[in-house]
Amino acid sequence: MSRDDVVASMVPVCLDLARADPARADKLATIRAAATYQKRDALMTACWATMPGTDAPNRDIALACLAALDIDRMLAPEDRGAPNEG
């Protein structure tokens, strides 16, 4: 398996770790507030890119997971308005 295939296969694990994290909202806010070049490190600090059975986060998985999370398009709860019913 190539490195890209391994990274791609681990993105769902990262997303599951993010979804199951009880501190998800706070961690997402931290990632969202980070400068663009620091978002990957913020996701790694959140431990979502640390795969089960490993001791350290993986930078490539963090970057791919960050893209899958699409942090920049996610709205914070306070930014969400009522659904547009018009």
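In short, a report on the structure.

**Quick word on the nonpolar core**
Within the largest apolar cluster, 21 residues are counted, with the highest numbers of intra-cluster contacts made by C14, I31, L43, W48 and L69. For this core, the secondary-structure elements that each account for two or more residues are α1 (3-20), α2 (24-33), α3 (39-45) and α4 (59-69). Sequence-distant contacts of W48, that is, excluding residues within four places in its chain, are made with C14, L17, A18, D21, R24, K27, L28, I31, L43 and L69.

**Some thoughts on the state of the cysteines**
Scanning the model with the defined rule gives 1 disulfide in all. There is a disulfide in this structure between C14 and C65, and the S-S distance comes to 2.0 Å. Taking the torsion about the sulfur-sulfur bond, which here is approximately -90°, the covalent link between C14 and C65 counts as left-handed. With C14 in helix α1 and C65 in helix α4, this pair connects stretches of sequence that are 51 residues apart. You can call C14 buried: its relative accessible area is 0%.

**Structural notes on the packing of α1 against α4**
At a minimum axis separation of 8 Å, α1 and α4 run at an interaxial angle of 55°. If you check the angle between α1 and α4, you find them oblique. Once α1 is placed against α4, the crossing between them reads as right-handed. Across the interface between the two elements, R3, V7, M10, V11, C14 and L15 from α1 touch D60, I61, A64, C65, A68 and L69 from α4. When the residues that make up the contact of α1 with α4 are grouped by side-chain class, the tally is 10 nonpolar, no polar and 2 charged.

Rules behind the numbers
- Counting from 1, residues in each chain are numbered in the order their sequence is written.
- The predicted origin of the model limits local features to residues at a pLDDT of at least 70 and limits the giving and counting of side-chain atom pairs to 80 or more, whereas totals for whole chains, interfaces and linings rest on all residues.
- Water and hydrogen atoms play no part in the side-chain values, which are based on all heavy atoms of the structure.
- Working definition of a nonpolar core: buried Ala, Val, Leu, Ile, Met, Phe, Trp, Tyr and Cys residues. They are joined through side-chain atoms within 4.5 Å.
- Type-normalised accessible area, obtained with a 1.4 Å probe on protein chains alone, sets the label of each residue: buried when under 20%, exposed when over 50%, and partly exposed for intermediate values.
- Segments assigned H or I by DSSP are reported as helices when at least four residues long, segments assigned E as strands when at least two residues long, and all are numbered from the N terminus.
- Contacts were defined at the residue level, with two residues in contact if any of their heavy atoms lie within 4.5 Å.
- When two cysteine sulfur atoms are found within 2.5 Å, that pair is recorded as a disulfide.
- Here an angle of 0 to 180 degrees is reported between the N-to-C directions of two axes, which are lines fitted to C-alpha atoms, with helices fitted over the stretch in contact.
- Roughly parallel here means an angle under 35 degrees, roughly antiparallel means over 145, roughly perpendicular means 65 to 115, and every remaining angle is called oblique.
- Here a crossing is called left-handed whenever its near helix is offset anticlockwise from the far helix by less than a right angle, and right-handed whenever the offset is clockwise.
- For this classification, the nonpolar set comprises Ala, Val, Leu, Ile, Met, Phe, Trp, Tyr, Cys and Pro, the charged set comprises Asp, Glu, Lys and Arg, and every other residue, Gly included, is treated as polar.

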